[in-house]
Amino acid sequence: MRIHRAHTFRAVAWTVTAAALASTLSLGPAAAAEPACPPAEPQQKPANTCPVPPAKKPPAKKQAAKKQAPKKTAAKKQASDKQAAARKQAARKQAARKQAADKEAARKQAAKKQAARKQAAEKQAARKPSPQAPTAACRPPRPKPQPPASCQTTPRKPAAKKPAAQQPAAKKPSAQEPTTQRPPRKRPPAKRPPAKKPPAQRKQLKKDHGWRSEGLYIDAADLRKVNVFLARARKAERTISPQVRSIARRTKATVVSFDERLRQPESVKRAVARTMQGDPTMTAEDALGRINNSVRYILQWPDRSYVKGVQDTTKLLAGWKNANLRWSNTWARPRGFKAISSSWRANDSGHPYELQFHTPKSRAAQRQIRPLYVEAHRSRTTSQRRAQIQGQINRIYATVPCPAGSQLLNGPRRRSAERKAVNGGQYVRAVPVMARNPFTVHEPLKP
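Conventions adopted
Residues numbered from 1 in each chain as written. Predicted model: local features only at pLDDT ≥ 70, side-chain atom pairs only at ≥ 80, totals over all residues. Heavy atoms only, no water. Helix = DSSP H or I, 4+ residues; strand = E, 2+ residues; numbered from the N terminus. Buried < 20%, exposed > 50% of the residue type's maximum accessible area, 1.4 Å probe, protein only. Contact = heavy atoms within 4.5 Å. Phe/Tyr/Trp six-rings, centres within 6.5 Å; stacked < 30°, edge-to-face > 60°. Lys NZ or Arg CZ within 6 Å of the ring centre and 35° of its normal. Expected span 1.5 Å × (residues − 1). Pairing = 2+ DSSP bridges. Lys, Arg positive; Asp, Glu negative; His and termini not counted. Salt bridge = Lys/Arg side-chain N within 4 Å of Asp/Glu carboxyl O. Axes fitted to C-alpha atoms, helices over the stretch in contact; angles between N-to-C directions. Core = buried A, V, L, I, M, F, W, Y, C linked by side-chain atoms within 4.5 Å.

Draft legend 1. Focus on the overall build of the protein chain. Regarding its fold elements, the protein chain presents 10 helices and 9 strands. The proportion of buried residues among the 447 residues of the protein chain is 26%. Here the contacts in the protein chain between residues at least 6 apart in sequence split such that 67% fall between residues at least 24 apart.

Right, dumping it as structure tokens:
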């Protein structure tokens, strides 16, 4: 009882002391007057309930991360070690392969050297004298020539043989003991003075054996003439082409297929061979004289300006002193080629060239019959097939309209100059140009 009172007194004293201390610290009278809150009584647990184990706190994330970090580093290190080991193994394999390849190359080189040595030894052994052949020391002496038989009837007594000095008999080489002979010394070959080089020879031209194609043949001499003719045509084209271009500008014409103005050399050779084969008495010069289209041009006008364009062209050519060699107007022909084909001789070079005058439709028909024309002129084409081709060509040209007044166009009536070679030189002979009747003249197929 006394103890309980003492404790109560002490509690009151402490309370008073606290209130005084709060007032001195300016906590306010209200704060000092408020009684202290009674301590909360702890809840009593029922006596019959089972004790619940305290819940485990979840591990912190930082700790888990710290625990996983060493595992990751260990895995990375293990992977890097594996990669390094794989690289080292690959390097070892590559070094082993290289070493094996070097050994194989060295082995092959050694085998080559050994084969070369063996071959050289075989050659040297072949040059040495064989041991079976008798040498100069072992050869038996040659028998002395006996004197011719005399006329004596009594035979001579054989002379007494003098005792010869005994010489040690030469030992015969046995089969078991091979003879050891030194090989003969090889003397170095005498140095010969360097041989003089032959004088440089001029390059010889390739021998020409002529020309042959599709059953046609030209010998070497005639082929040289054809080549000279083609070279002259190429040279003459340089002066003829400017005139044709000037005519086209003045008459407002179109120059068609200007890139094909030079005839192909194979075509010229076939024409010459075909002409000479048809007439055996004809020479190569005569066959070349019949070729007027080694250089050829095509001028084209519309139907309404066709007649005027042809007339202006002939006037310009005559004014430039180009001689008209041939004039073929086939517009009035009921069948076959329809156009005007003319041949001229250039005044500057004296070389013949062909000039055709077309309309757009006649030129289109000419292009259409080109394959048929080539087939008809082949040597293996039969006559029946040629008749069929001619019928197709007639049907194609039947669709070409005739320009008004084109049937009456004729070549220029003038005296032309004909150039002929006599004794290596040229002279000019004036000959009259006759106008041909287009209804009676037969012209071959035109390409």
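Let us keep going from here.
Draft legend 2. Representation of the packing of aromatic side chains in the model. Applying the stated criterion across every chain yields a total of 7 aromatic pairs. Ring geometry for F337 versus Y397: centroids 5.8 Å apart, planes at 75°, classification edge-to-face. Placement of F337 in the loop between β5 (323-329) and β6 (340-345) and of Y397 in helix α10 (residues 383-397) is noted, with a sequence separation of 60 residues between them. The exposure classification of F337 matches that of Y397, with both residues buried. An aromatic cluster is present here, built from W301, Y306, W327, W331 and F357 joined pairwise through their rings. Positioned above the aromatic ring of F258 is the side chain of R245, whose terminal nitrogen or guanidinium carbon lies 4.1 Å from the ring centre.

Draft legend 3. Highlighting helix α5 (residues 265-278). Under the 1.5 Å per step criterion, the end-to-end length of α5 is 20 Å for 14 residues, consistent within 8% with the ideal 20 Å. For α5, the set of buried residues is S267, V268, K269, A271, V272, A273 and M276. The inward-facing, buried residues of α5 abut β1 (211-213), β2 (216-218), α4 (220-251) and α6 (284-289).

Draft legend 4. Broad picture of the pairing of β5. Among the 7 residues in β5, 6 count as buried, and that is most of the element. Note: β5 against β6, 6 bridges, orientation antiparallel. Residue pairing for β6: S328 is matched across the bridge by S341.

Draft legend 5. Geometry of the side chain of K269. Structurally, the position occupied by K269 is in helix α5. One buried charged residue, K269, remains without a salt bridge, the closest side chain of opposite sign being E266 at 4.0 Å.

Draft legend 6. Seen up close, unusual backbone geometry. For K252, which is not a glycine, the phi torsion comes out positive at approximately 60°. Along the chain, K252 falls in the loop between α4 and β3 (254-256).

Draft legend 7. The arrangement of the pattern of salt bridges in detail. According to the stated counting rule, one finds 6 salt bridges in the structure shown. The closest approach of N and O atoms between K225 and E285, which form a salt bridge, is 2.6 Å. Of this pair, K225 sits in helix α4 while E285 sits in helix α6, and the two are 60 residues apart along the sequence. The class of K225 is partly exposed, set by a relative accessible area of 34%. Residue classification places E285 among the partly exposed positions, given a relative accessible area of 43%. For the salt bridge of E375 with R385, the shortest nitrogen-to-oxygen distance reads 2.9 Å.

Draft legend 8. Highlighting the sheet that holds β3. In space, the 5 strands of this open sheet follow the order β3-β4-β7-β6-β5, with mixed pairing throughout. The two strands at the open ends of the sheet, each matched to only one other strand, are β3 and β5. Mean inter-strand twist for the sheet, computed between neighbouring axes without regard to direction, equals 25°. For β3 and strand β4 (residues 296-300), the ladder comprises 3 bridges, and the chain directions are antiparallel. Among the inter-strand pairings, V255 is bridged to a residue of β4, identified as L299. In the packing of α4 onto the sheet, contacts are made with β3, β4 and β7 (352-358), and the angle to β4 comes to roughly 5°.

Draft legend 9. Structural context of the pairing of β4. For β4, a buried count of 4 out of 5 residues is recorded, marking the element as mostly surrounded by other parts of the structure. Bridging between β4 and β7 involves 5 bridges; their strand directions are parallel. The residue of β7 that forms the bridge with Y297 is L355.

Draft legend 10. Structural detail: the nonpolar core. Y297, L299, Y306, V310, I340, Y353 and F357 are the most contacted members of the largest nonpolar core, which totals 37 residues. Core analysis: the second largest hydrophobic core is formed by 17 residues, V226, A287, L288 and I291 among them.

Draft legend 11. Seen up close, the environment of D312. Note that D312 resides in helix α7 (residues 306-319). Since its relative accessible area comes to 23%, D312 is described here as partly exposed. In the structure, D312 is positioned 61 residues away from T251 in sequence and 6.8 Å away in space, judged by C-alpha atoms.

Draft legend 12. Region of interest: α7. With 14 residues, α7 ought to run about 20 Å at 1.5 Å a step, and its terminal C-alpha atoms sit 20 Å apart, in line with that. For α7, every residue scored as buried is listed here: Y306, V307, G309, V310, T313, T314, L316 and L317. Considering only its buried residues, α7 is in contact with α4, β4, β5, β6 and β7.

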